[in-house]
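# A look at the structure
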Amino acid sequence: MSSLLGIDNGLTVTKAVIFDADGTQLSVARRRVPQSMPHPRWVERDMLGLWQATAEAIREAIALSGRPAGDIKAVAATAHGDGLYLLDRNRRPLGPGILSLDSRAGEIVDEWAKGSVFAEALALTGQVPHASAPSAILGWLKKHAPERFSQIGHIVGCKDWLRFCLTGTVGTDLTEASTSFTDVRTQVYAQEAMRIFGLEELFAALPGAAHSADIVGYATAEAAALTGLAEGTPVACGLHDVTASALGIGGHEEGVVSIVAGTYSINEVVSAEPRTDQRWFCRNAIDLGRWNNMSISPASTANYDWFLDTLCRAEQDEAKKTGRSIHEMLATEIDTALKKPSTLLFHPYLFGSPYGNAASASFVGLRGWHDRGDMLKAVLEGIAFNHRTHVEALRDGFAVREVRLTGGGSRNPAFAQMFADVLNVPVTVTSTDEAAAYGAALCAGAAVGLFASPQEGARATCTVSREYRPDPARSAVFDERYSIYGRIAEQLRPKWAEIESLAAQAMGGTA
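Structural notes, computed from the coordinates.

About the cut-offs
- Residues numbered from 1 in each chain as written.
- Predicted model: local features only at pLDDT ≥ 70, side-chain atom pairs only at ≥ 80, totals over all residues.
- Heavy atoms only, no water.
- Pairing = 2+ DSSP bridges.
- Helix = DSSP H or I, 4+ residues; strand = E, 2+ residues; numbered from the N terminus.
- Axes fitted to C-alpha atoms, helices over the stretch in contact; angles between N-to-C directions.
- Contact = heavy atoms within 4.5 Å.
- Core = buried A, V, L, I, M, F, W, Y, C linked by side-chain atoms within 4.5 Å.
- Buried < 20%, exposed > 50% of the residue type's maximum accessible area, 1.4 Å probe, protein only.
- Polar contact = N/O pair within 3.5 Å; in protein donor to acceptor, adjacent residues only side chain to side chain.
- Phe/Tyr/Trp six-rings, centres within 6.5 Å; stacked < 30°, edge-to-face > 60°.
- 1 Å grid on protein atoms, 1.4 Å probe; cavity = no way out; pocket = protein on both sides within 12 Å on 5 of 7 lines; lining within 4 Å.
- Points joined across faces, edges and corners; volume = space filled by probe spheres on them.
- Nonpolar A, V, L, I, M, F, W, Y, C, P; charged D, E, K, R; others polar.

Time to look at the sheet that holds strand 16 (residues 281-284). Spatial strand order, 16-17-15-14-20-21-22: seven strands in an open sheet with mixed pairing. The two strands at the open ends of the sheet, each matched to only one other strand, are strand 16 and strand 22 (464-468). When the angles between neighbouring strand axes are averaged without regard to direction, this sheet yields 30°. Packed on one face of the sheet, helix 14 (residues 372-397) meets strand 14 (256-261), strand 15 (265-271) and strand 17 (291-297) and runs near 15° to strand 15.

Laid out in structure tokens, this is it:
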């Protein structure tokens, strides 16, 4: 028998998922990975703790699969992109991993915005830097942590750290390499990019980049002992989780907008030529000669999770005790709210936005007769509206024939239908539950010849579970609400910095 292991490390959970060669999911194991927030805007985690949690998940997934470890023909990892994971010159972790929710480097980005950096970066690298970009975080470290900066030996992504733990080899793939420092046309590292960000001395620390389906090492004896994998199991290079999710639902194709409704609002489409715009990142696709155009912001279902953690604690506790789904427990409240008109709008900018670092979340139109269900419906609507902002940008630049949806929101029929109504286009949901992990597994399968390519594997194994078609009447209502939502955001834009300054005043200068 042949099976494949896909490792998916998100911002809070690391997962190991074993798939049969035909795409059937055999087992999944999860471990939470604690985050540390030692200062405002800092979001970190222990790198060794991440590896330990991942190793435990792999061992459990193998046990749950009912098959021997030797049946696993190859492994590949995916993980959150951007952020920063550093190794010193002895290839040891250099401080904690910095997650893509971290925004400490906002001050650096604001400084760059005042000069020529934005224009130069967009022209050369195909994207404008943002607070969690490796370029910005490295700029922050150079300014505020020079001793740590001086010890940098290797700059890697999260999934590259897991690859190193599995194989002892250092490197990355084409998709991850393009997060800050590649020439958008040649798709390889450019020294000029390092100059733009004032990081010339780190060019040698950039990791070599391979194809996502290249074998880059084999499970070491130490890794095998920790994970239960067979020593010598081939490990493929893997890819950025944004790309992996699109691949896992068969959406890493030209003309298909893949939406990932997860912690980040991810909206992406592949093109056969580079096209740049401040509204999206033009990064490497899996193959050279293809580009993955991503319009994103950290403003999706993390807002929903915050609402549950903050205002639904009793239900959270009951769900933990009984094993019931909290989403099912709240479904009646949401359905009731969806059936009645409401003045309530929500801007889902708790952790970031398309409007820059200063933007913050808000309920607008809140009245005394609104209840928790109304607020929850507004949160879900605001998330869908934020995705629409990004999708409309991509529609301006690329021909789109299909929209596919994945992420936690795709499993909720009411939420998936809301996407179709808000976007006013049919939305396809596939049968793939663990899309990012499956995208990694497809790369692993292609690496050992089970598929001609990761994309061919996706075409052969991904099946559509449901298509949600827009309701004209609901779409008309959402259009009007989206218009007001957008105008309010534009009116708030000049006020967000003033609001942010209130925290600095109250905390003696620390926002």
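Time to look at the nonpolar core. I259, L405, F419 and L423 are the most contacted members of the largest nonpolar core, which has 50 residues in total. Ignoring sequence-local partners within four residues, the contact set of L405 consists of I249, I259, A261, S410, A416, F419, V427, T428 and V429.

Right, let's talk about the side chain of R104 for a bit. Looking at the secondary structure, you find R104 in the loop between strand 7 (97-98) and helix 2 (106-114). Residue R104 is classed as buried on the basis of its relative accessible area, which comes to 6%. Among the polar contacts listed, one links the side chain of R104 to the side chain of E44, at a separation of 2.8 Å. When residues no more than four places from it in sequence are discounted, the contact partners of R104 are R41, W42, V43, E44, I98 and W140.

Now for the pairing of strand 14. Of all six residues making up strand 14, six are buried, and the element is well covered by its neighbours. Side chains V256, S258 and V260 project from strand 14 onto one buried face, and the interleaved V257, I259 and A261 project onto a second face that is buried too. Bridge analysis of strand 14 against strand 20 (residues 402-406) gives five bridges, and the strand direction is parallel. Paired with S258 across the two strands is R404, which belongs to strand 20. Counting the residues that bridge the hairpin from strand 14 to strand 15 gives three residues.

A word on the packing of aromatic side chains. Counted by the stated rule, this structure contains 15 aromatic pairs. Their ring planes at 40° and their centres at 4.6 Å tell us that F346 and F363 sit as a pair that is tilted. Within this pair, whereas F346 is found in strand 18 (residues 345-347), its partner F363 is found in strand 19 (residues 362-364), the two being separated by 17 residues in sequence. On the basis of relative accessible area, F346 is assigned to the buried category, the value being 2%.

Here we take up the pairing of strand 5 (residues 72-79). Most of strand 5 sits out of view: seven of its eight residues are buried. The sheet contact formed by strand 1 (residues 3-9) and strand 5 spans seven bridges and is parallel. Opposite I7, over in strand 5, you have A77 as the bridge partner. The sheet contact formed by strand 5 and strand 13 (residues 239-240) spans two bridges and is parallel. Among the inter-strand pairings, A79 is bridged to a residue of strand 13, identified as H240.

Applying the stated criterion to the full structure yields two cavities of 30 Å³ or more. In this model, the largest cavity occupies a volume close to 160 Å³. Around the largest cavity sit 16 residues that line it, and P134, I155, V156, E176 and T179 are the ones nearest its centre. Of all elements in the fold, only strand 8 (152-156) and helix 7 (174-177) reach the threshold of two or more residues within the lining of the largest cavity. Looking at the lining of the largest cavity, its residues break down into nine nonpolar, four polar and three charged. Split by residue class, the lining of the second largest cavity holds five nonpolar, six polar and no charged.

To continue, consider the environment of V391. Its place among the elements puts V391 in helix 14. Put simply, V391 and A441 are 50 residues apart on the chain and 27 Å apart in space, counted from C-alpha to C-alpha. In this view, V391 contacts V257, I259, N267 and L423; residues no more than four positions away in its chain are not counted.

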